[in-house]
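What follows is the residue order along each chain.
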Amino acid sequence: MKRPLTPHLRKGVALAVGLALTGACSAVAHRAPAAARTGDAPPAAGRHAATLWRADPARGTGNFEGTETKPGTVRVVDDPAGRHGKSFELHTSGEKVDGPTRVRVETRGHRTGAGPLRFSREGDVYYIGWRSMWGPLPTKKGDWVVLWQLKDYGSGAATPPLSLRARGDGTVDLEYCDPELRTTRLWHTPLTLHAWHDFVVGIKVSKDPARGWVRLWHDGTAQQLPGGTEQYPAATLRGDWVTDKWGVYRSDGVRGAATAWLNSPAVGRSYRDVAPAG
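Conventions used here
Residues numbered from 1 in each chain as written. Predicted model: local features only at pLDDT ≥ 70, side-chain atom pairs only at ≥ 80, totals over all residues. Heavy atoms only, no water. Phe/Tyr/Trp six-rings, centres within 6.5 Å; stacked < 30°, edge-to-face > 60°. Helix = DSSP H or I, 4+ residues; strand = E, 2+ residues; numbered from the N terminus. Buried < 20%, exposed > 50% of the residue type's maximum accessible area, 1.4 Å probe, protein only. Lys NZ or Arg CZ within 6 Å of the ring centre and 35° of its normal. Pairing = 2+ DSSP bridges. Axes fitted to C-alpha atoms, helices over the stretch in contact; angles between N-to-C directions. 1 Å grid on protein atoms, 1.4 Å probe; cavity = no way out; pocket = protein on both sides within 12 Å on 5 of 7 lines; lining within 4 Å. Points joined across faces, edges and corners; volume = space filled by probe spheres on them. Nonpolar A, V, L, I, M, F, W, Y, C, P; charged D, E, K, R; others polar. Core = buried A, V, L, I, M, F, W, Y, C linked by side-chain atoms within 4.5 Å. Contact = heavy atoms within 4.5 Å. Polar contact = N/O pair within 3.5 Å; in protein donor to acceptor, adjacent residues only side chain to side chain. Salt bridge = Lys/Arg side-chain N within 4 Å of Asp/Glu carboxyl O.

**Q** Is there a simple way to think about the packing of aromatic side chains in this case?
**A** The relation between two aromatic rings is expressed through the spacing of the ring centres and the mutual angle of the planes. The tally for this structure, following the rule as stated, stands at 15 aromatic pairs. Relative to Trp246, the ring of Trp130 has its centre 5.7 Å away and its plane inclined at 70 degrees; by these criteria the two rings are edge-to-face. Taken together, the residues span a long stretch of sequence, with Trp130 in strand S8 (residues 125-134) and Trp246 in strand S17 (residues 241-250) at a distance of 116 residues. Each member of the pair, Trp130 as well as Trp246, is classed as buried. An aromatic cluster of at least three residues, connected via ring pairs, comprises Trp53, Phe64, Phe88, Trp130, Trp134, Trp148, Trp187, Phe199 and Trp246. Directly above the aromatic system of Tyr249 lies the positively charged group of Arg104, at a separation of 3.9 Å from the ring centroid.

Put into C-alpha cells, the structure is as follows:
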C-alpha cells in the first residue's frame, strides 16, 4: 500500500518536475537558432523577396538591355533536357559576319520597369545567379570561348573584370582581370556539355581591389578561390558601369556552330535571392 506524500515531499516533486521542464525548454531554445545558422542555404519561404531582376521567359529578349547576334539568334524554347521548363537558347552558326568582328551571340544587361539595372556605385553588393548548359560548343586549345562576362562600359572601359571561359583544354574557368590588365585564374572545373550547371557570382562593386571582392558558387557549393578563401579581393568596377552578358563570344581560331542554354538568370542582394531552385 502506497503511503500518501507529505506536503514536504509534494513540494519537492513539484520543484523537480518544474526544473526538468525548464531544462527541456532551455535545450529547445538553444537548438532553435541552428536552422538560422545554415549560412547560404535557401530559406523555405520568401526565397526571392529581394530579387532585383529575374528573367521571365514570357518576355523573351525584352528581359535584357540588348542582344548581340553576330551572327546568331536568341529565343525562348523548352529545356531540351526536359528538366527546367522554358529556357533561353543562344545559337550561332559560327560563320563570321566580317573579318574584324568576332563571332558572338550574347544577351547584354538587365531591363527593369525602372530602366536598365547597372552596377556602378562603390560599395554595392550584388549576386548574379543562373543555370547554364552548352552544346554543341567547339573549342580549340590555345583559343577561348567566353560563356559569361561582367563587362565594363563607358569612359575608361578596357576589358571585362570577370569572364567565364572555355579554354580548349577540357576546362572552364573564371578569370579575373585587374585594372593593370593582369589576369588571374580564380577557379576552374572540367567542361561538360549537354548538362545543366548552376552558378552564382557575388561581387562587391569597387574600382579599388582592396575594397571590392568576388565570390563563386558552383552547383550549390561555395568555391575556394586563390589564397584558400571563398572571397577574393578584386576591382570589379571598370569604366562607368559593369553588367552581365551570357552566351557565346570567341576568339577567331574556333570554328563551327555553338549553342548556349540559359535558365533562371537573376540579380539580387544575396545568394538566397538568386540561386536557381532545385
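**Q** I would appreciate a short explanation of the environment of Arg121 in the present structure.
**A** Along the polypeptide, Arg121 turns up in the loop between strand S7 (115-117) and S8. Arg121 gets classed as exposed once you look at its relative accessible area, which sits at 55%. C-alpha of Arg121 to C-alpha of Lys204: the two residues are 83 residues apart in sequence and 9.6 Å apart in space.

**Q** It is not clear to me how the sheet that holds strand S5 (residues 104-108) should be interpreted in this structure. Could you clarify?
**A** Hydrogen bonding along the main chain pairs the strands of a sheet, whether they run parallel or antiparallel. Overall, antiparallel pairing links the 7 strands, which are arranged S2-S5-S17-S9-S10-S11-S12 in an open sheet. Looking at strand neighbours, the two that pair on one side only are strand S2 (66-70) and strand S12 (183-190), the edges of this open sheet. Going from strand to strand, the sheet's axes swing by 20 degrees on average, the running direction of each strand aside. Looking at chain direction, strand S9 (residues 145-153) and strand S10 (residues 162-166) are connected through 5 bridges and run antiparallel. Opposite Val145, over in S10, you have Ala166 as the bridge partner.

**Q** What exactly am I supposed to notice about empty space enclosed by the protein here?
**A** If a probe as big as a water molecule is rolled over the atoms, it shows which places are left empty. One pass over the structure, following the stated rule, counts 1 cavity of 30 Å³ or more. Approximately 30 Å³ is the volume found for the largest cavity. Put simply, the parts of the chain that give the lining of the largest cavity at least two residues each are S8, S17 and strand S18 (258-268). Tallying contributions element by element places S18 first for the lining of the largest cavity, with 3 residues. When the residues that make up the lining of the largest cavity are grouped by side-chain class, the tally is 7 nonpolar, 2 polar and no charged.

**Q** In this structure, what is going on with the nonpolar core? I would like to understand it.
**A** Side chains of nonpolar character tend, in soluble globular proteins, to be buried together. Counting 46 residues, the largest nonpolar core has Phe119, Trp130, Leu137, Trp148, Leu162, Leu164 and Ile203 as the members making the most contacts within it. Each residue touching Ile203, except ones within four places of it in the same chain, is listed here: Phe119, Asp124, Val125, Tyr126, Ile128, Leu150, Leu162, Trp213 and Thr236. Tyr127, Trp213, Ala266 and Tyr271 belong to the second largest nonpolar core, which has 8 residues in total.

**Q** Which parts of the structure should I look at to understand the pairing of strand S13 (residues 197-204)?
**A** The buried count for S13 comes to 7 of 8 residues, which makes it a mostly enclosed element. Where S8 meets S13, 8 bridges bridge the pair, whose relative direction is antiparallel. Within S13, the position partnered with Trp130 by the bridge is Phe199. Where S13 and strand S14 (residues 213-218) come together, 6 bridges link them in antiparallel fashion. Following the sheet pairing, Ile203 is matched in S14 by Val214.

**Q** How should I be thinking about the pairing of S14 in this particular structure?
**A** Every regular strand shows the same layout, with side chains that alternate between the two sheet faces. Of all 6 residues making up S14, 6 are buried, and the element is well covered by its neighbours. Bridge count between S14 and strand S16 (residues 232-233): 2 bridges; the pairing is antiparallel. Opposite Val214, over in S16, you have Tyr232 as the bridge partner. Direction of pairing for S14 relative to strand S15 (residues 221-222): antiparallel, over a ladder of 2 bridges. What sits directly across from His218, in S15, is Thr221. Here S14 hands over to S15 after 2 residues, with Asp219 in that stretch at a positive phi of 50 degrees.

**Q** How should I be thinking about the side chain of Asp178 in this particular structure?
**A** Within the secondary structure, Asp178 sits in the loop between strand S11 (171-177) and S12. Residue classification places Asp178 among the buried residues on the basis of a relative accessible area of 12%. Polar side-chain contacts of Asp178 include one of 2.8 Å to the backbone nitrogen of Glu180.

**Q** How do you make sense of the pattern of salt bridges when you look at a structure like this?
**A** Proximity of charged atoms lets side chains of opposite charge pair with each other. By the definition in use, this model includes 18 salt bridges. Lys96 is the partner of Asp252 in a salt bridge, and the nearest nitrogen-oxygen pair spans 3.1 Å. Of this pair, Asp252 sits in the loop between S17 and S18 while Lys96 is found in the loop between strand S4 (86-92) and S5, placing the two residues 156 residues apart along the sequence. Through salt bridges with shared partners, one network takes in Glu68, Arg104, Glu106, Arg108 and Lys245.

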